[in-house]
Amino acid sequence: MQPTPEVVLAVVFLPFLAAAFTPVVYRILGERTAYFAAAVALVTLGLVTDQYLAGAHGTVSFDWIPSLGVSLAFHVDGLALLIAFLASGVGVLILTYSGGYMHGEPGQAKYYATLLAFMGSMLGVALAGDLVALFVFWELTSLSSFILIGHYTGEEASQYAARKSMLITVSGGLFMLVGFLLLVWASGQTTAIEGTTYSIPLLVEHADAIREVLTASGLLVPVLVLVGLGAATKSAQVPFHVWLPNAMEAPTPVSAFLHSATMVKAGVYLVGRFRPLFLPEDAAVLGEWTLVFAVLGLLTMTVAAMLAVSATDIKELLAYSTASHLGLIIAAFGFANSYGAEAGAFHILNHASFKAALFMVAGIIAHEAGTRNIDRLGGLRKHLPVTAVIAVVASLSMAGFPPFNGFYSKELLFESTYYAAEHMGGVAWVFPVVAVFGSVFTFLYSIKFASLFFGDEPDGLGHVHRPPVAMLVPPAILGALVLAISAQPNLFIEGLIGDVYGSVVPGEAHSFSVHFPTELTPYVIMSIITIVVGAAAFPFYDRIHDAINAALRGPVRANWWYDNFVEGLTTASVAVTPKIQTGLLRTYTTWGLFGFVALALGGYAAAGVSLPGFDGLSVSIPIVLVLLVALVAAFAVDIAPSHVAGVLTLSIVGFMVAIFYILADAPDLALTQLVVETLVLVIFLLVLDRLPAFYGDAPDRLVSVRDGLLSLAVGGTVFLTVLLSTNASPDPLLREFIVARAGVPAEHGPFFADYGGGSNVVNVILVDFRGIDTMGEISVVVMASIAILTLIRMRTRGETQ
Amino acid sequence: MNGSSGRTTVISRTVARIVVPIILVTAIALLFRGHNLPGGGFIGAVLAAAAFALVYIIFGLEFIQREILAIKPDGSEQHRLVETYRWMASLGLAIAVASSLAPLAFGAPFLTQGVLFLEHLPLYGELEVASAFAFDLGVFFAVVGGLLTIVAEVGNE
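The name an unreviewed UniProt entry gives chain B is Multisubunit Na+/H+ antiporter, MnhA and MnhB subunits, with Haloferax denitrificans ATCC 35960 as the organism. What UniProt states about chain B under its Subcellular location (unreviewed entry) heading is, verbatim, "Cell membrane".

Chain A has the name Na(+)/H(+) antiporter subunit A in an unreviewed UniProt entry, where Haloferax denitrificans ATCC 35960 is given as its organism. According to the UniProt record, the Subcellular location (unreviewed entry) comment for chain A reads "Cell membrane".

Right, dumping it as structure tokens:
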């Protein structure tokens, strides 16, 4: 069935609408705004469910920028529905949980409005069926993430974290945009598609033709890398993972929502969305796609898991773990076999279920025990019994421990790495080895997290409160979801994940099923190795933790690169600014004029213009005389002894030009020139009243020569420009049109005629044909007057500050 | 230059008294006839601004406030004069924008201009009016307001 256009629109824009009203709602409801927001999320979830139950599959499109072929298209399929379910479903839980967590916190109206806006953007990303729409919603999620990470605006750590995430994710998004534009270009090169298209389903449909064009022009790998940069920055893949641990400065519900369940999934989603475009059914086992994404994913999975072991803060541990699991999904999507696609599709759901639960558990611990430091936590089981059960279930799932749901998706990944290695042989055996190696660390930190609830209470752990119900129910629901998926994985696969699998593989695809292993396959052995080695290494956790921390020094840390890069840019700007921004008007004028000359002459040279031929002068004697006077006056300006004399002499030039206009039959120009010249003279004299009457000492000889040369260059450029522009003659059609339509029509209707209605063509052009130019000009006049007003009024204030 | 009368001569003051009204009338004439003969909103506006500048140089700012705009001095008087000019500029922009938006109400694109034929008017009978005149009026006020703001504010220094 085709999706219902109204419902799909409502899904995306209802949260935005609610966000706009949130400040008003907050005035009425106060802290209970959380439940208003949760209700909005619930309605959205209901609408998504409606589409799901109706079996919606297809594209709905609304005109957006028809002249560019850009539309607001939404594409509903398995992958889109899964992400939409996560965004709205986890949204309901998180917003409810916020009602307890945010009690007494500042800036709640902004918090809920931004969370709702984020939810809308994320739904937009999930459902986008158009490259431009996808990009816009994509950047909107970065923007709302920026606001939410910097929620505590006064704290330096929050500011640093917000800036970092913004710089990394938004710049990655820009690379992605370039990749998108290359795809659009490619769509214009094939005959399979009429014109160019921004439609994602259409691009995927003609995947072979697009790939052919890209391969032929050598752009396949660049496009992969550009789109991959967008995904890698968003999904915190190595080496762009550095922003995610800092993002934990945000309130914990935000970390659970944006930085584990949804926003960071956008990158994964992107990889899944473009997988059928770049990975045909008969793809090579180790093609470009696999090289880029399997390597990126496995690297991230391993490195981030090791970093998670090195973490000392529970939220930091979970942040690195998130990056690691996203790496797992990207690696899975990277492999060119069906197991990879299955593993990725299934793990998106599994990871969201256990990781969001764990983040909320971390929020409960931080909220009720007052610390997030791993060393200072232990034995929480006695105080938080329900939380402990949730934490253990979710941690075991995260560890990939059978029979929990995390085990099934990890098995599928092992299976796909094993098959890739078996087909390729040789170096490809690195894949399964690295996957097992990274999983050992995953096992270690998962068990470490669960162990916080057992053992003895460390000294210094104060009284631990019971969490409020609003904070306990949402993670409990997710914990129950983990158990449900673990018990009946095939039910969920049949219901939704099978369709997700269909979205990420090319052509028609069938669903799949998973089974609890009953015999000893190679990938079961891989799981056993992971668990046995992990269990054997766990007693040495502290030593491994210290060893990794000891190794993380200087350039080994990605943070070192980020901090030095940003600081280097700041230092360079601070060093360069005083040289360019001297605060002296003459410096700006010099550079401005120099830039004008260089750009104009450079432009002429690049365009290869040729000078028009010279075919003799035909001017009357009066014109020659007038221009001669102007010339003499121009020279006189240079030797004028004072400012006043200089300005008065300069105005002679102006008036001579006005007379020239009269002689050249341009009365409108002449009138304008005369009145403007008069007014400028008056303004000059008013300003000169404040300046010293005489020039200072003669400037440095070198400076004089430089200024003289610059003046000659400016004059020469203007002369050249006039020559070139007057040489071109406009289309005679234009002149005929203007002459025909400027006046009053001879025959006309009763009341209105679309004619200029004036015999002065110049004025008709000004206010009618080119009215929008005039509108811009008068706006500039008014803006200039306001600017001068501000400059003069603020001047004294600026000096005292 | 605020001192005014102490620094200007009787001749200049007398000439200004006669010339300024003529300049202003010319400016308005240029505005009105602009659509058919040399002139227009911009030229008229600059000329009108020049007339005010002349008054200002010869008689001083206070004179304009007191005698022409009837603003009573109250300490911050010069700023109030500038306020008036700024209002004039905003009014001009508003007229221009409103006259450009008006065609939208009749289903025509933004900035559509044309000729209106008014019939059965007293005295005139039939009259052809270019709708662009409203736009030109906006240009006139915007430019007069903008320029006078600059002149008054620069002159204040």
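Looking only at helices and strands, chain A has 31 helices and three strands in total. Judged by the C-alpha coordinates and their principal axes, chain A covers about 110 × 65 × 60 Å. A buried classification covers 50% of the 801 residues belonging to chain A. Taking the intrachain contacts of chain A between residues at least 6 apart in sequence as the baseline, contacts between residues at least 24 apart amount to 78%. Element-wise, carbon and sulfur atoms account for 68% of the exposed surface of chain A, whose accessible area totals about 36,300 Å².

This paragraph deals with the overall build of chain B. Scanning chain B for helices and strands turns up five helices and two strands. Helices and strands in chain B line up, N terminus first, as α-α-α-α-β-β-α. Every one of the 157 residues in chain B was classed for burial, and the buried ones make up 46%. Sequence-distant contacts in chain B: of pairs separated by 6 or more residues, those separated by 24 or more amount to 58%. Surface exposure of chain B reaches about 7,600 Å², of which carbon and sulfur atoms provide 69%.

The pairing of strands in a sheet happens through backbone hydrogen bonds and is either parallel or antiparallel. Spatially, β3(A)-β1(B)-β2(B) is the arrangement adopted by the three strands of the open sheet, whose pairing is antiparallel. Of all strands in the sheet, those bounded by a partner on one side alone are β3 (752-753) of chain A together with β2 (125-130) of chain B.

Quick look at the packing of aromatic side chains now. All names here are of chain A. By the definition in use, this model includes 30 aromatic pairs over all chains. Ring geometry for Phe407 and Phe516: centres 6.0 Å apart, planes at 45°, overall tilted. Taken together, the positions of Phe407 in helix α17 (residues 405-424) and Phe516 in the loop between α20 (489-504) and α21 (522-537) put the pair 109 residues apart, joining distant regions of the chain. The buried category is assigned to Phe407, whose relative accessible area is 3%. Aromatic side chains Trp560 and Trp561 sit 5.0 Å apart centroid to centroid with 85° between the ring planes, which places their arrangement in the edge-to-face category. We classify Trp560 as partly exposed; its relative accessible area is 32%. For Trp561, a relative accessible area of 53% puts it in the exposed group. Within the aromatic cluster, the residues linked to one another by ring pairs are Phe180, Phe274, Phe278, Trp289 and Phe293. When the ring centre of Trp138 is taken as origin, the NZ or CZ atom of Lys234, which lies over that ring, is 5.2 Å away.

Opposite the 46 residues of chain A that make contact, chain B presents 55 residues. Around 4,400 Å² of area is buried between chain A and chain B when both sides are counted, 74% of it from carbon and sulfur atoms. Where chain A meets chain B, there are zero salt bridges. Counting the contacts that link chain A with chain B gives eight residue pairs in polar contact (both at pLDDT 80 or more). Among the elements that take part in the side of chain A that touches chain B, helix α31 (residues 771-800) of chain A stands out by supplying 14 residues, more than any other. Of the residues assigned to the side of chain A that touches chain B, the class counts are 26 nonpolar, 13 polar and seven charged. Bridge count for β3 of chain A against strand β1 (residues 115-121) of chain B is two bridges, and the pairing is antiparallel. Note on β1 of chain B: the bridge partner recorded for Phe752 of chain A is Leu116 of chain B.

The UniProt entry lists residues 65-112 of chain A under the feature "domain: NADH-Ubiquinone oxidoreductase (complex I) chain 5 N-terminal" (unreviewed entry), expressed in the numbering used here. Here residues 65-112 of chain A is 60% helix and 17% strand, with 31 Å between the C-alpha atoms at its ends.

With that settled, consider the packing of helix α1 (residues 5-29) of chain A against helix α2 (residues 33-53) of chain A. Residues and elements named next belong to chain A. Contact geometry for α1 and α2: axes closest at 9 Å, N-to-C directions at 170°. Taken as axis vectors, α1 and α2 run roughly antiparallel relative to one another. Contact with α1, carried on its side by Val7, Val8, Ala10, Val11, Leu14, Pro15, Ala18, Thr22, Val25, Tyr26 and Leu29, involves Thr33, Phe36, Val40, Val43, Thr44, Leu47, Val48, Asp50 and Gln51 of α2 and no other residues of that element. Residue classes in the contact of α1 with α2 are distributed as 15 nonpolar, four polar and one charged.

Here we take up the pairing of strand β1 (residues 58-65) of chain A. Residue and element names in this part refer to chain A. In this sheet, strand β2 (residues 70-76) lies alongside β1 in antiparallel orientation, the contact comprising seven bridges. Paired with Ser61 across the two strands is Ala73, which belongs to β2. The antiparallel pairing of β1 with β2 creates a hairpin that spans four residues between the two strands, and Gly69 there sits at a positive phi of about 75°.

Our focus in this paragraph is the pattern of salt bridges. Residues and elements named next belong to chain A. On inspection of all chains with the given rule, the structure shows seven salt bridges over all chains. The salt bridge involving Arg273 is made with Asp77; its shortest N-O contact spans 2.8 Å. Pair noted here: Arg273 is in helix α12 (residues 265-278) and Asp77 is in the loop between β2 and α3 (78-101), with a separation of 196 residues, a long-range link. Both residues of the pair, Arg273 and Asp77, belong to the buried class. Across the pair Lys382 and Glu457 runs a salt bridge whose closest N-O atoms are separated by 4.0 Å. Placement of the pair is Lys382 in the loop between α15 (338-369) and α16 (385-399) and Glu457 in the loop between α18 (430-451) and α19 (469-487), with a sequence separation of 75 residues.

Residues and elements named next belong to chain B. Under the feature "transmembrane region" (unreviewed entry), the UniProt entry names residues 15-35, 41-64, 85-110 and 130-152. Along residues 15-35 one finds 90% helix and 0% strand; the C-alpha atoms at either end are 31 Å apart. Between the end C-alpha atoms of residues 85-110 there is a gap of 28 Å, over a span that is 81% helix and 0% strand.

Rules behind the numbers
- Residues numbered from 1 in each chain as written.
- Chains lettered and ligands numbered in written order.
- Predicted model: local features only at pLDDT ≥ 70, side-chain atom pairs only at ≥ 80, totals over all residues.
- Heavy atoms only, no water.
- UniProt positions renumbered as here; feature names shortened; annotations may be inferred.
- Helix = DSSP H or I, 4+ residues; strand = E, 2+ residues; numbered from the N terminus.
- Buried < 20%, exposed > 50% of the residue type's maximum accessible area, 1.4 Å probe, protein only.
- Contact = heavy atoms within 4.5 Å.
- Areas by Shrake-Rupley, 256 points an atom, 1.4 Å probe, with all protein chains shown as cover.
- Pairing = 2+ DSSP bridges.
- Phe/Tyr/Trp six-rings, centres within 6.5 Å; stacked < 30°, edge-to-face > 60°.
- Lys NZ or Arg CZ within 6 Å of the ring centre and 35° of its normal.
- Buried area = accessible area lost by both parts, 1.4 Å probe.
- Salt bridge = Lys/Arg side-chain N within 4 Å of Asp/Glu carboxyl O.
- Polar contact = N/O pair within 3.5 Å; in protein donor to acceptor, adjacent residues only side chain to side chain.
- Nonpolar A, V, L, I, M, F, W, Y, C, P; charged D, E, K, R; others polar.
- Axes fitted to C-alpha atoms, helices over the stretch in contact; angles between N-to-C directions.
- Parallel < 35°, antiparallel > 145°, perpendicular 65-115°, else oblique.

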